[in-house]
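# Architecture and fold: a report
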Amino acid sequence: MDEYSRFVDWDKMDVSAQSQDTKELSCTEFQELKQLARQGYWAKNHCLRAKVYHKLISSIPCRTVTPDANVYRDIVVKIVGKRSSSSLPLPEFVDNSLVPTYCLNAEGVGAVRKIILCIANQFPDISFCPALPAVIALLLHYSKDEAECFEQVCRILACNDPSKRLIDQTFLAFESSCMTFGDLVNKYCQAAHKLMVAVSEDVLEVYSDWQRWLFGELPMAYVARVFDVFLVEGYKVLYRVALALLKFFHKVRAGQPMESDSIQQDIRAFVRDIAKSVSPERLLEKAFAIRLFSRKEIQLLQMANEKALQQKGITVKQKRQNVHLAVHAENFKSEIVSVKEMRDIWSWIPERFALCQPLLLFTTLEHGCSLSRFYSHSEGHEPTLLLIKTTAKEVCGAYLSTDWSERRRGGNKLSFFGTGECFVFRLQPEVERYEWVIIKHPELATAGPETEKTENHSSPAASTLSSGSGPSEPSDRLSPFLSARHFNLPSKTASMFMAGSSECIIVGGGDGQALYLDADLNHGRTSHCNTFNNQPLCSENFQISVLEVWGFRD
């Protein structure tokens, strides 16, 4: 066997990984490396993969003083002493996470704990890092000795490139990544998300497992392929693969009864046994077929989620139930939706707002059917939730990302604003959520000149966000990146989601309005336009029984 076999139990290892052909890797261009990683160029050669890992990790920009192999040799005896490796206690920051053995032999299993303790000694700033045991266990398969593995893990942890996110090392970073994953599931795995909402009281509790699926439950052959690409492309790969796992789980288990009392346990079991239904190649193929947001946009979303947590004072681990079940039965009352229905709606909104509690701002039953009162009670709140119940018992609504005061930017003209986080939904007679078509089908976002403005379709939200001469955006704007400028749309379709004047309210846009409310807030109509996939929200012409506007209270 090769020099990287010290910790490997070859009886457990995939026999194809023992290939000893003489493949080499000489390319240095990112695009070529990316292609080779996705294709599994070094996946069938244990020695080559070890050398590639060493090369990629050595190129990670790190802090000036980063612990290396010599440091490990100096401290390991002092820290571990004569204690048995199996009895070594793990630091709190691994959060009782799984310590996978993968295909390690007995020496390798013991080495994982020793390396974790030495890292805890050298990185006192790490406060929460449940993925660490799996990363160490994986890299031990491709290390000559414990010291080399320690050095490689230290380089990953000490990365100081602000544009490169590798492993979460604080609870704030971990929790915000869970929220970001929840946001991405909401956008890209709607069928699976619908299932999660139906069978789980706390959806984010399910999504908080997403890193465990990758670094804990996923078999060795799969996690190694994921890590191949992760070292080249970065953190976004992890989101992609976790989304693909959820899609496959829903596809395989759709219509089947749950195998346990917990959807979390079912997903974990599915990931552990994924070889029964999905190959590593198929998993990666699915992952990279997802038309995900750009890396920059995901970073901005993650930053917004971190900021929401910081504003709530949530920077250390606490019971999630006290944080995320914002819709409490004892203090929630609506004439349109039940607590269960409001929780369903809450599961659709961006995770940073799911931390907030619903606050009733306006209801026609108390404030009357005046559009001016609608505006006066709604303005100053961002985002808001619009709920409508018709006299035919239909229930529909919209999540509106932007303050209604934005309507004044158009002067006396009816102008559209809003962001791609807006959506409309129907609860009765059946539940359905309709996304902005540009978000759901990014291929429709064709390039158009930003200067193409028309008198009747100016976009104040778009022009403010994209123009350097306009007012600067406050740092706490609640839709930090999904603005029209990110889709490079012509102005006739850009940001056309919500509009208001003294005569009407329009929610929708694109080729026509989706929901139109008259000034008296008694009547409305819908238009089955392309924006919402030609599916009706409710009757084409309807009478309003009750209308409510809800805000988000810290």
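The structure reproduced in this document is the subject of the present report. No experiment lies behind these values; they were computed from the predicted model shown.

### Focus: the packing of helix H10 (residues 210–217) against helix H12 (residues 236–253)
It is the contact of H10 with H12, at a shortest axis distance of 9 Å, that shows an interaxial angle of 95°. Our classification of the angle between H10 and H12 gives roughly perpendicular. On the side of H10, the interface is formed by Trp210, Trp213, Leu214 and Phe215, while H12 contributes Leu238, Tyr239, Val241, Ala242, Leu245 and Leu246. The residue makeup of the contact of H10 with H12, split by class, is 10 nonpolar, no polar and no charged.

### What to know about the packing of aromatic side chains
If you walk through the whole model with that rule in mind, you get 26 aromatic pairs. For the ring pair phenylalanine 362 and phenylalanine 374, a centre distance of 5.7 Å and an interplane angle of 80° mean the geometry is edge-to-face. Within this pair, whereas phenylalanine 362 is found in strand E1 (residues 357–363), its partner phenylalanine 374 is found in helix H20 (residues 371–378), the two being separated by 12 residues in sequence. Given a relative accessible area of 1%, phenylalanine 374 falls into the buried group. Aromatic pair tyrosine 375 and tryptophan 404: ring centres 6.1 Å apart, planes at 55°, arrangement tilted. Of this pair, tyrosine 375 sits in helix H20 while tryptophan 404 sits in the loop between strand E3 (395–400) and strand E4 (416–417), and the two are 29 residues apart along the sequence.

### Considerations on unusual backbone geometry
In this structure, the amide linkage connecting glutamate 382 to the following residue, proline 383, adopts the cis form with an omega of 0°. Structurally, proline 383 can be placed in the loop between H20 and strand E2 (384–390). Of note in the backbone geometry, tyrosine 102 takes a positive phi value of approximately 50° without being a glycine. With respect to the helices and strands, tyrosine 102 occurs in the loop between helix H3 (69–80) and helix H4 (106–122). The class for tyrosine 102 is buried, based on a relative accessible area of 12%. In this model, lysine 393 sits at a positive phi of 70°, which is unusual for a non-glycine residue.

### Description of the side chain of histidine 367
Along the polypeptide, histidine 367 turns up in helix H19 (residues 364–367). Residues contacting histidine 367, with those up to four places away along its chain left out, are Leu361, Phe362, Arg373 and His377.

### What about the layout of surface pockets?
Taking a probe equal in size to a water molecule and rolling it over the atoms shows the remaining empty space. Taken as a whole, the second largest pocket holds about 620 Å³ of empty space. Among the secondary structure elements, those contributing two or more residues to the lining of the second largest pocket are helix H6 (146–157), helix H7 (171–188), helix H11 (220–233), H12 and helix H15 (295–311). For the lining of the second largest pocket, the element with the most residues is H15, which contributes 6 residues.

### Some remarks on the pattern of salt bridges
Between side chains of opposite charge, a pair can form as their charged atoms come close. Taken as a whole and assessed by the stated rule, the structure comprises 20 salt bridges. Measuring nitrogen to oxygen at the nearest pair gives 3.4 Å for the salt bridge that ties lysine 144 to glutamate 3. Taken as a pair, lysine 144 in the loop between helix H5 (132–140) and H6 and glutamate 3 in the segment before helix H1 (30–39) lie far apart in primary sequence, 141 residues in all. Relative accessible area serves as the criterion here: at 36%, lysine 144 is assigned to the partly exposed category. A salt bridge links aspartate 344 to lysine 340; the shortest N-O distance between them is 3.0 Å. Taken as a pair, aspartate 344 and lysine 340 lie in helix H17 (residues 339–346) at a separation of 4 residues, close to a single helical turn. For aspartate 344, a relative accessible area of 13% translates into the label buried.

Reading the values: rules and limits
Residues numbered from 1 in each chain as written. Predicted model: local features only at pLDDT ≥ 70, side-chain atom pairs only at ≥ 80, totals over all residues. Heavy atoms only, no water. Axes fitted to C-alpha atoms, helices over the stretch in contact; angles between N-to-C directions. Helix = DSSP H or I, 4+ residues; strand = E, 2+ residues; numbered from the N terminus. Parallel < 35°, antiparallel > 145°, perpendicular 65-115°, else oblique. Contact = heavy atoms within 4.5 Å. Nonpolar A, V, L, I, M, F, W, Y, C, P; charged D, E, K, R; others polar. Phe/Tyr/Trp six-rings, centres within 6.5 Å; stacked < 30°, edge-to-face > 60°. Buried < 20%, exposed > 50% of the residue type's maximum accessible area, 1.4 Å probe, protein only. 1 Å grid on protein atoms, 1.4 Å probe; cavity = no way out; pocket = protein on both sides within 12 Å on 5 of 7 lines; lining within 4 Å. Points joined across faces, edges and corners; volume = space filled by probe spheres on them. Salt bridge = Lys/Arg side-chain N within 4 Å of Asp/Glu carboxyl O.

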